[in-house]
Amino acid sequence: MSRTGPWVALALALAAAGCGADEGATPATRAPASTLAPDRRDAEELGREIFELVDRAVDYRGSHRGRPAASLRQIGIDSLTPATARYLLSVDREPLVTVKYRKPEGREIMSCRGDSQILEEAALNGGRFTLMCATRSGAQRPILVGPDR
């Protein structure tokens, strides 16, 4: 057996384990389907970001003796991306994350927000969770995001 034999076998095993990986993907990593309605597509995009930020904020609180982060910077996350502006607020030691589009032209949803309850809701509902979103008209409405089953 050549020296590369075990490495090739390991690479093949890891590649095989990755097959169907999207089935176990978290809501934060799942890409939205292009067949979704524009408002749902916008909410899905914001939802992935919110899910990841809430998860990181809850993790921070857990590793800092229950003390919540005062800002995204404290967690080590930028509050601005090229597409979005992100905000973290701690309400009774619970993180509340809001993500809004920086350039909302052509969007149905302007911003969405979620708290630590979305983590539990996603765990209990196969990855689906509810966000409160602001529409172009300024109305606030809940939108269920995550995989359709």
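Remember, it's a predicted structure, so these values are computed and weren't measured experimentally.

Caption draft 1: Quick peek at the sheet that holds strand 2 (residues 94-101). Strands sit in the order 1-2-3-4-5 across an open sheet of five strands; the sheet is antiparallel. At either end of the open sheet lies a strand with only one pairing partner, and these are strand 1 (84-91) and strand 5 (140-145). The sheet shows a mean angle of 25° between the axes of neighbouring strands, direction not considered. As judged from the five bridges shared by strand 2 and strand 3 (residues 109-115), these two strands associate in the antiparallel manner. Across the sheet, L96 pairs through a bridge with D115, a residue of strand 3. Where helix 2 (residues 38-63) meets the sheet, it contacts strand 1, strand 2, strand 3, strand 4 (129-135) and strand 5, and its direction lies at approximately 145° from that of strand 2.

Caption draft 2: Focus on the pairing of strand 5. In this sheet, strand 5 lies alongside strand 4 in antiparallel orientation, the contact comprising six bridges. Residue L131 lies in a different strand from strand 5, and its bridge partner there is I143. Once strand 4 ends, the chain turns through four residues before running back antiparallel as strand 5, passing G138 with a positive phi of about 100°.

Caption draft 3: Representation of the nonpolar core. In this structure, I50, C112 and L131 are the most contacted members of the largest nonpolar core, which totals 26 residues. At the level of secondary structure, the elements contributing two or more residues to this core comprise helix 2, helix 3 (72-75), strand 2, strand 3, helix 4 (117-124), strand 4 and strand 5. In terms of residue count, helix 2 provides more of this core than any other element does, eight residues in total.

Caption draft 4: Structural context of the packing of aromatic side chains. Scanning the model with the defined rule gives one aromatic pair in all. Between F51 and F129 the ring centres are 5.5 Å apart and the planes differ by 35°, which places this aromatic pair in the tilted class. Note that F51 is positioned in helix 2 and F129 in strand 4, a separation of 78 residues in sequence. Each member of the pair, F51 together with F129, is buried. Taking NZ or CZ as reference, R107 lies 3.9 Å from the ring centre of Y101, over its face.

Caption draft 5: Here's a closer look at the packing of helix 2 against helix 4. Two elements in contact, helix 2 and helix 4, have axes whose closest approach is 9 Å; the angle formed by their N-to-C orientations is 115°. It follows that helix 2 is roughly perpendicular to helix 4 by the angle criterion. Crossing geometry of helix 2 relative to helix 4 is assigned as left-handed. From helix 2, I50, F51, V54, D55 and V58 reach across to helix 4, where they touch I118, L119 and A122. Here the residues of the contact of helix 2 with helix 4 are counted per class, giving seven nonpolar, no polar and one charged.

Caption draft 6: Broad picture of the pairing of strand 3. Of the pairings in the sheet, the one linking strand 3 to strand 4 comprises four bridges and is antiparallel in character. Following the sheet pairing, C112 is matched in strand 4 by C133.

Thresholds applied
Residues numbered from 1 in each chain as written. Predicted model: local features only at pLDDT ≥ 70, side-chain atom pairs only at ≥ 80, totals over all residues. Heavy atoms only, no water. Pairing = 2+ DSSP bridges. Helix = DSSP H or I, 4+ residues; strand = E, 2+ residues; numbered from the N terminus. Axes fitted to C-alpha atoms, helices over the stretch in contact; angles between N-to-C directions. Contact = heavy atoms within 4.5 Å. Core = buried A, V, L, I, M, F, W, Y, C linked by side-chain atoms within 4.5 Å. Buried < 20%, exposed > 50% of the residue type's maximum accessible area, 1.4 Å probe, protein only. Phe/Tyr/Trp six-rings, centres within 6.5 Å; stacked < 30°, edge-to-face > 60°. Lys NZ or Arg CZ within 6 Å of the ring centre and 35° of its normal. Parallel < 35°, antiparallel > 145°, perpendicular 65-115°, else oblique. Left-handed = near helix turned anticlockwise from the far one by under 90°. Nonpolar A, V, L, I, M, F, W, Y, C, P; charged D, E, K, R; others polar.

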